[in-house]
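Here is what each chain is made of, one letter per residue.
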Amino acid sequence: MRNLPILILTVRLAGAAHFGGLEQLSTDQRIAVAQQAVAAAGEDAATVNNLAAAYLQKMRETSDFGYVEKAERLVAKVLATHPGDYEALILHTEAELNRHHFAQVVESTQRLSKTAPEDARLWGMLGDALMEIGDYDRAASAYEQMVQLRPGLSSYNRVAWYRFVTGDAAGAISAMTQAVHAAGAAPENLAWCLVDLGHMYFKTGRLDEAQSNYTAALETFPGYHPAFAGLGRVHAARHHTVEAIANYRRAQAIVPLPEYAGALRVLYLAAHHPAEAHQQDELLDVIDQLARATAEKTNRSLAVIFADENRQLPRALELAQNEWNFRQDVYTYDALAWVLYCNGRYAEAQSAASKALVQGTPEPAFYYHAGMIAAARHRQEQARELLAKALALNPVWDPEQAAQAARTLDALTGSRP
Amino acid sequence: MLKRSTPFLAAVLAALLGAPVPAFAASHREAPLTALDHPADITDFFAFVSYDDPTKVTFLLNVDPLLEPANGPNYFPFDPEVLYTIKIDNTYDAVEDISFEFRFQTEIRAPGVYTGFIGAGAGIGGVIPPAVTALDGAGAAGLSLRQNYTVTMVQGSGDTAVRTDLTGGKKLFAVPSNVGPRTMPNYAALARQGIFSLGNGVRVFAGTVDDPFYIDLGATFDSANFRTGAFFTGSPLIMTAADDASTLNSAADTVSGYNVNTIAIEVPISMVTANGKATIGAWGATYRQQMTVRSAGPNQGSGPWVQVQRMANPLINEVIIGTGDKDKWSRSQPKDDSQFAAYDLDPVLAKAINTVFGLAVPPAPRTDLLPLVQYTTAITGDSSIPAGPIADLLRLNTGIQPAPAASRSRLALLAGDNAGFPNGRRVSDDVTDIALRVVAGALAGPPYNLYRLGDGVNSNDVPYQETFPYVAFAQSGRNRRHVDPGEPGCGNAVQNSSNDVLSTSSGSLAQGPCPVN
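Here the structure is a predicted model, which is why all the values come from computation and not from measurement.

Another aspect to go through is the overall build of chain A. Scanning chain A from terminus to terminus reveals 23 helices and zero strands. Over its C-alpha atoms chain A spans a radius of gyration of 23 Å, differing by no more than 12% from the 22 Å that the globule rule assigns to 417 residues. With the C-alpha coordinates of chain A rotated into their principal frame, the extents come out at 85 × 45 × 45 Å. Going through the 417 residues of chain A one by one, you find that 60% of them count as buried.

So this is what it looks like as structure tokens:
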């Protein structure tokens, strides 16, 4: 009877699969089932892979990187005894993507696609890695394969991303709306898409639509920190400082990302709470300390926040340059441009900024950064155009930066257009 | 490092150190990669000769499973971006000769209303509409979210297909979920308004209904792995003769109290058969549109349709096909299923049954399983019908009369009731038990057909209807009950002091406690 639990589990899993698979369960339930299965049949590769996959989903929901490490250990065990196990290789590649090992992901997915050209996930991960390093043409081809194989939330949201980065905001919103309609069983997946859709609306100046999508995300997956941060950003744009702070604080209490600290600092200063603002600075420094302790060399988000604050500028430059050594996508060019500008290296900043703009990505911050750089280089006409473009996308995208953009534009023209 | 530590900072530090997030973690996209496609997910497909008219055949395509009846505010619309299809092969090449296509459209009729359906009595204060008693016109004011659909018949396939609109200019409304007795006071009457006659003997119904499937999935998932309650022989999964013969449940039905979305169509048999042959092969499939990555402008997504899911035999994908090939299977066509023959003819589950119970199972290759994947005389009764390619189809001999209710058995063909699975599939067929036994060799004849394998759940929690659409209407958000282990809803051995059997033929009306471990 040793294999009886396996048999029962097989029947159960078959039944569960009848309802669309274990993804129907909540992630915690999924982990519990998978752990039971491993206890009963730990030598079975598929059983261990299931648990690793559940951990990766848990990581998505909690931002707790420890789950990636757990998944990696399980996958390594499987590959030790089953070296070619396909599902284990896929999970390994997903973990690598989480670790930003983009070149490796490109190589692995291309290799695996020779044996399994019809696995949509491979093309998705390949496209993701290519987008991260700025190889947009090849990313489009990879995403094309993915959506042909499996149209649905996972592929539509990637099409939306490609369109956004390459300057097609309307097409991006349309594709992401379809992704949202195709929502799967894991509420976090839908919430993720709703938040991303909210960002696209926000960046193109549609605050009401942004807000309703962030709110929908919270209804779908309560406690979803990016949705709280999104609401914080909308409130900040409307100058509702108290609500903005409350929402960012909730986001920060769940996962203390540097972006939340950066936003709170600005909001506390606006609310005349310098002590609280200073706390956020201390937090950013702690985040940086931890990063140094783990020999983390790249961090463009932190670099940009330091640059916005006009402090830790050498460190910001180090972080941004290291990131650029590693990947050259438009977001990295933008981070590098801004950090170079804050370090007074205007010519290099301009070169980087022009590369950030080459795809026409509708990010107000890109145009603001480029505009300020152009002004510093006394390119008045260009500066006016760029700053106006930032404000045209969203005149209130960031309370401090939008105000600065408007002031600079005024100074350059004498009157607001 | 820090001058002082405030409680706030300490708390955030604790979060950082306890669950260290690499600060870079936010700066890459991490889009969901393997999201399940809920609305396009086919959970069951049924095909059977209509009980009340043996000249007709009924197909049910069930999608979007495990719908919790209480889940407002919008409940469970069909997806307007999914193409739902039912396909029929009547030339025995596993390629569709006739298909029926369904497309849905959503109307938001009252944009300011926070919930899909609302209503009470005769209305309240001009704000709350009257209770919902109709799908259209008076009595439908509370249907703030409403769907209608089109039905298209396709003859042939590919570029030469001939498409005929069957909707006929009518508005076909989908039946919403059952919110509860206040909003929808006579739900059955409301749901019946969703049965539409399209002429030429065709009837359709689409909407949320009670999920007709029943199974014990070990609902809690955190207790011991299997049921050893009194009703089993002492060996889980092997039933006593009495419980096997019973219509009552020896274990809790995990699907009790849940709804599902169904698309039901009844057509004359003559519409789907050809060349005087009575047997057809059928399956269901869902599609989504491809999208071109590089496009400008809104309203994209009008690329060609791509199949995302298909189903014919129940549980084949789950039980038979290996994990790595499931996606490939979902995208592929039945006519190409010989690529999966290795799985079909040597199922892993059979080996497990053999190892665990010491029950001899037929040796591979399992030619006894061929009736599930080819046309065989066991179902067709006609040796002039070719076997056709190996293909996962539900094969239905429309010449076999439906079994009257009294002689209908949940074990169908295995109990001598040849009007059920694997001859087509009816909602009451216990496909879990049948599949277990078939995999263990029940179709191979003695000694392989003696194992009373089963999960202990023999019937649905609510009675089915004997007329179209043959399922119970949706359970209400207010009154539905999920029967969990330890709760009443099981048993045929429960009697009161007068030796009255407290249970009836319907699972959830039984009063015995369902086993816990």
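Our focus in this paragraph is helix α4 (residues 66-81) of chain A. Taking 1.5 Å of rise per residue, 16 residues should cover 22 Å, and α4(A) covers 24 Å from first to last C-alpha, within 8% of that figure. If you check which residues of α4(A) are buried, you get Tyr67(A), Val68(A), Ala71(A), Glu72(A), Leu74(A), Val75(A) and Val78(A).

Tyr143(A), Met176(A), Ala303(A), Ala337(A) and Val339(A) are the most contacted members of the largest nonpolar core, which has 127 residues in total. Tallying contributions element by element places helix α19 (residues 330-342) of chain A first for this core, with eleven residues. For Val339(A), the contacting residues outside a window of four places in its chain are Ala303(A), Ala307(A), Ala316(A), Leu317(A) and Ala320(A). Membership of the second largest hydrophobic core comes to 104 residues, among which are Val204(B), Ala264(B), Ala412(B) and Phe468(B).

On to unusual backbone geometry. All names here are of chain B. With omega at 5°, the peptide bond leading from phenylalanine 421 into proline 422 counts as cis. Looking at the secondary structure, you find proline 422 in the loop between β13 (394-397) and α11 (431-440). Here phenylalanine 468 and proline 469 are connected by a cis peptide whose omega angle stands at 5°. Positive phi, close to 50°, is recorded for glutamate 30, a residue that is not glycine. Turning to its location among the elements, glutamate 30 is positioned in the loop between α1 (7-18) and β1 (42-49). With 16 C-beta atoms counted inside 10 Å, the residue glutamate 30 sits in the partly exposed group. Even without glycine at this site, tyrosine 470 takes up a positive phi of about 70°. Mapped onto the elements of the fold, tyrosine 470 is located in the loop between α11 and β14 (488-490).

Our focus in this paragraph is the environment of Asp461(B). With respect to the helices, strands and loops of the structure, Asp461(B) is situated in the loop between α11 and β14. Asp461(B) sits 204 residues away from Gly257(B) along the chain, and the two C-alpha atoms are 7.4 Å apart.

To continue, consider helix α14 (residues 241-254) of chain A. Residues and elements named next belong to chain A. Given a rise of 1.5 Å per residue, 14 residues ought to cover 20 Å, and the 20 Å separating the end C-alpha atoms of α14 matches this to within 8%. Those residues of α14 not exposed but buried are Ala244, Ile245, Asn247, Tyr248, Ala251 and Gln252. The arc that holds every buried residue of α14, seen down its axis, measures 165°, which confines them to one face.

A few words on the sheet that holds strand β10 (residues 259-268) of chain B. Residue and element names in this part refer to chain B. Taken in spatial order, the five strands of this open sheet run β1-β2-β10-β9-β8, and their pairing is antiparallel. Among the strands making up the open sheet, the edge pair consists of β1 and β8 (196-199). Averaged over all adjacent pairs, the angle separating strand axes in this sheet is 15°, with direction ignored. Relative to β10, strand β9 (residues 202-210) runs antiparallel, the two being bridged by eight bridges.

Attention shifts here to the packing of helix α7 (residues 120-133) of chain A against helix α9 (residues 153-165) of chain A. All names here are of chain A. Here α7 crosses α9 at 20°, and the two axes come no closer than 11 Å. One way to sum up the angle between α7 and α9 is to call them roughly parallel. In this structure, the crossing between α7 and α9 has a hand that is left-handed. In this structure, α7 uses Ala120, Gly124, Gly127 and Met131 to contact α9, whose residues at the interface are Ser154, Ser155, Arg158, Trp161, Tyr162 and Val165. Here the residues of the contact of α7 with α9 are counted per class, giving five nonpolar, four polar and one charged.

Calculation notes
- Residues numbered from 1 in each chain as written.
- Chains lettered and ligands numbered in written order.
- Predicted model: local features only at pLDDT ≥ 70, side-chain atom pairs only at ≥ 80, totals over all residues.
- Helix = DSSP H or I, 4+ residues; strand = E, 2+ residues; numbered from the N terminus.
- Rg over C-alpha atoms; globule rule 2.2 N^0.38 Å.
- Buried ≥ 20, exposed ≤ 12 C-beta atoms within 10 Å, placed from the backbone.
- Expected span 1.5 Å × (residues − 1).
- Core = buried A, V, L, I, M, F, W, Y, C linked by C-beta atoms within 7 Å.
- Contact = placed C-beta atoms within 7 Å.
- Arc of directions from axis to C-beta.
- Pairing = 2+ DSSP bridges.
- Axes fitted to C-alpha atoms, helices over the stretch in contact; angles between N-to-C directions.
- Parallel < 35°, antiparallel > 145°, perpendicular 65-115°, else oblique.
- Left-handed = near helix turned anticlockwise from the far one by under 90°.
- Nonpolar A, V, L, I, M, F, W, Y, C, P; charged D, E, K, R; others polar.

So far we have only geometry, and geometry alone does not tell us how the molecule works.
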